[in-house]
Amino acid sequence: MQIAVLLGAPGSGKGTQAKRLTEAGFKHYSTGDMLRSAIKTGTPLGTKASTFMDKGELVPDSIMIDLIADTFSSLSPDSKILLDGFPRTVPQAEALDAKPMTQVGVALNFELPESLLVERLTGRRTCQECGATYHVKFIPPKTPGVCDRCGSKALIQRSDDTEAVVLKRLEVFKKQNSGLLEYYTKKGVLITVRADQEPQALQAEILKKLATWSK
Ligand code: AP5
């Protein structure tokens, strides 16, 4: 498998870019989306995960590592994957590299000034039907309150996008991030992009950087 992991703070634009890059043949796997879907359908995983997510904390490594191993077990070896939200810790990164099939080829680091993150997250709206994301100010839907992609009127604020939970998520991110950057720098696969660009310009930069790696 060809695996690129997306690193960066909550709100740095990982999900927005990953969804756009599926058009270039990448499969997008977001652990946050997987957990939210498990919560929505009321599975035991969802029940367990929601107690951590509601507080802005990380779900334990053992649960997340099993979830990814399970997801990847059914994929074909020639899959091109963008992994968004995993790894969040060094043990998660080590678990990927421990298996020959899931070695990480590129770690794409989204860098964004901290001052922008809270506004991006508290202004995010997500379509409950198809998962498309918008921002009330930066990336609004064409018709207010209506999803451009599927026409649904169910554009909601994620329960962990309130200011109090956002601040906790950023604190958790800061604790884990330097270890991950060090891990992928040592492995020689870290690429940093400036995430405070227009979405289209950032997408072009990412595609250019990924082109040298993925054929
Ligand atoms: P997860 O869903 O992964 O959330 P996150 O990492 O906090 O990332 P976000 O989805 O909030 O941000 P993003 O970078 O994707 O930003 P987006 O593109 O939407 O995780 C949620 C929770 O699940 C965690 O807190 C944890 O509890 C648990 N979890 C998940 N994975 C785990 C793991 N591996 N281990 C343990 N726990 C785990 O953009 C944000 C906003 O900005 C949007 O409104 C968007 O429209 C706007 N925007 C995007 N790009 C631009 C741009 N270029 N210019 C202007 N606005 C932009």
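Everything here concerns the structure above.
Since the model is a prediction, treat every value here as computed from it, not as a measurement.

Cut-offs and rules
- Residues numbered from 1 in each chain as written.
- Predicted model: local features only at pLDDT ≥ 70, side-chain atom pairs only at ≥ 80, totals over all residues.
- Heavy atoms only, no water.
- 1 Å grid on protein atoms, 1.4 Å probe; cavity = no way out; pocket = protein on both sides within 12 Å on 5 of 7 lines; lining within 4 Å.
- Points joined across faces, edges and corners; volume = space filled by probe spheres on them.
- Helix = DSSP H or I, 4+ residues; strand = E, 2+ residues; numbered from the N terminus.
- Nonpolar A, V, L, I, M, F, W, Y, C, P; charged D, E, K, R; others polar.
- Axes fitted to C-alpha atoms, helices over the stretch in contact; angles between N-to-C directions.
- Parallel < 35°, antiparallel > 145°, perpendicular 65-115°, else oblique.
- Left-handed = near helix turned anticlockwise from the far one by under 90°.
- Contact = heavy atoms within 4.5 Å.
- Pairing = 2+ DSSP bridges.
- Near = heavy atom within 4 Å.
- Polar contact = N/O pair within 3.5 Å; in protein donor to acceptor, adjacent residues only side chain to side chain.
- Areas by Shrake-Rupley, 256 points an atom, 1.4 Å probe, with all protein chains shown as cover.
- Core = buried A, V, L, I, M, F, W, Y, C linked by side-chain atoms within 4.5 Å.
- Buried < 20%, exposed > 50% of the residue type's maximum accessible area, 1.4 Å probe, protein only.
- Expected span 1.5 Å × (residues − 1).
- Arc of directions from axis to C-beta.

1. Re the layout of surface pockets
The volume enclosed by the second largest pocket comes to roughly 330 Å³. Along the walls of the second largest pocket sit 13 residues, with Lys19, Arg20, Ala132, Thr133 and Arg149 positioned nearest its centre. For the lining of the second largest pocket, the elements supplying multiple residues, two or more each, are helix 1 (14–21), strand 6 (133–135) and helix 8 (199–211). Examining the composition of the lining of the second largest pocket, we find that three residues originate from one element, helix 1, more than from any other. Broken down by class, the residue content of the lining of the second largest pocket amounts to four nonpolar, four polar and five charged.

2. Looking at the packing of helix 4 (residues 61–72) against helix 5 (residues 90–97)
Running from N to C, helix 4 and helix 5 cross one another at 30°; their axes reach a closest spacing of 10 Å. Regarding the angle of helix 4 to helix 5, the classification is roughly parallel. Of the two possible hands of crossing, helix 4 and helix 5 adopt the one that is right-handed. Counting all contacts with helix 4, which are made through Asp61, Met64, Ile65, Ile68 and Phe72, the residues of helix 5 involved are Pro91, Gln92, Ala95 and Leu96. Here the contact of helix 4 with helix 5 is composed, by residue class, of seven nonpolar, one polar and one charged.

3. Focus on the sheet that holds strand 7 (residues 155–156)
Taking strand neighbours across the sheet as the criterion, the three strands line up as 6-5-7 in an open arrangement whose pairing is antiparallel. Edge strands, defined here as strands with exactly one partner in the open sheet, are strand 6 and strand 7. Here two bridges tie strand 5 (residues 124–127) to strand 7, and the two strands are oriented antiparallel to one another. The residue bridging cysteine 127 from the neighbouring strand is leucine 155, located in strand 7.

4. Description of the site of the ligand
What surrounds the ligand is a group of 33 residues, the closest being Thr16, Glu57, Arg124, Tyr134 and Arg169. Measuring from an oxygen atom of the ligand, one finds a side-chain N or O atom of threonine 16 at 2.6 Å. Notes on the ligand: free accessible area 1000 Å², of which the protein chains cover 96%. Of all the elements in the fold, those that place two or more residues in the shell around the ligand are helix 1, helix 2 (31–41), helix 6 (114–122) and strand 6. For the shell around the ligand, the element with the highest residue contribution is helix 2, accounting for four residues.

5. Looking at the sheet that holds strand 2 (residues 27–30)
Sheet architecture is open: five strands sit in the order 2-3-1-4-8, paired in parallel fashion. Here the strands that pair on one side only, and so sit at the sheet edges, are strand 2 and strand 8 (190–194). The mean inter-strand angle of the sheet, taken between neighbouring strand axes irrespective of direction, is 25°. Seen against the sheet, helix 8 touches strand 1 (2–8), strand 3 (80–84), strand 4 (104–111) and strand 8 and runs at an angle of roughly 160° to strand 8.

6. A short note on the nonpolar core
Among the nonpolar cores identified, the biggest contains 27 residues, and Ile3, Val5, Phe72, Ile81, Leu83, Leu96 and Tyr184 are the most heavily contacted of them. Among the elements of the structure, strand 1, helix 2, helix 3 (44–53), helix 4, strand 3, helix 5, strand 4 and helix 7 (163–187) are those that each provide at least two residues to this core. In terms of residue count, helix 4 provides more of this core than any other element does, five residues in total. Among residues more than four places away in sequence, those in contact with isoleucine 3 are Phe72, Ile81, Leu83, Met101, Thr102, Gln103, Val104, Gly105, Val106 and Trp213. Grouped together as the second largest cluster of nonpolar side chains are 22 residues, Ala9, Ala18, Ile206 and Trp213 included.

7. Side note on helix 4
The terminal C-alpha atoms of helix 4, which comprises twelve residues, lie 16 Å apart, in line with the 16 Å expected from a rise of 1.5 Å per residue. Within the sequence span of helix 4, burial applies to Ile63, Met64, Leu67, Ile68, Thr71 and Phe72. For helix 4, the angular spread of the buried residues around the axis is 155°, confining them to a single face. Of the exposed residues in helix 4, the ones pointing more than 90 degrees away from its buried face are Asp66 and Asp70. Tucked into the core, helix 4 has its buried residues touching strand 1, strand 2, helix 2, helix 3, strand 3 and helix 5.

Note that every value here comes from positions in space, so none of it alone points to a role or purpose.
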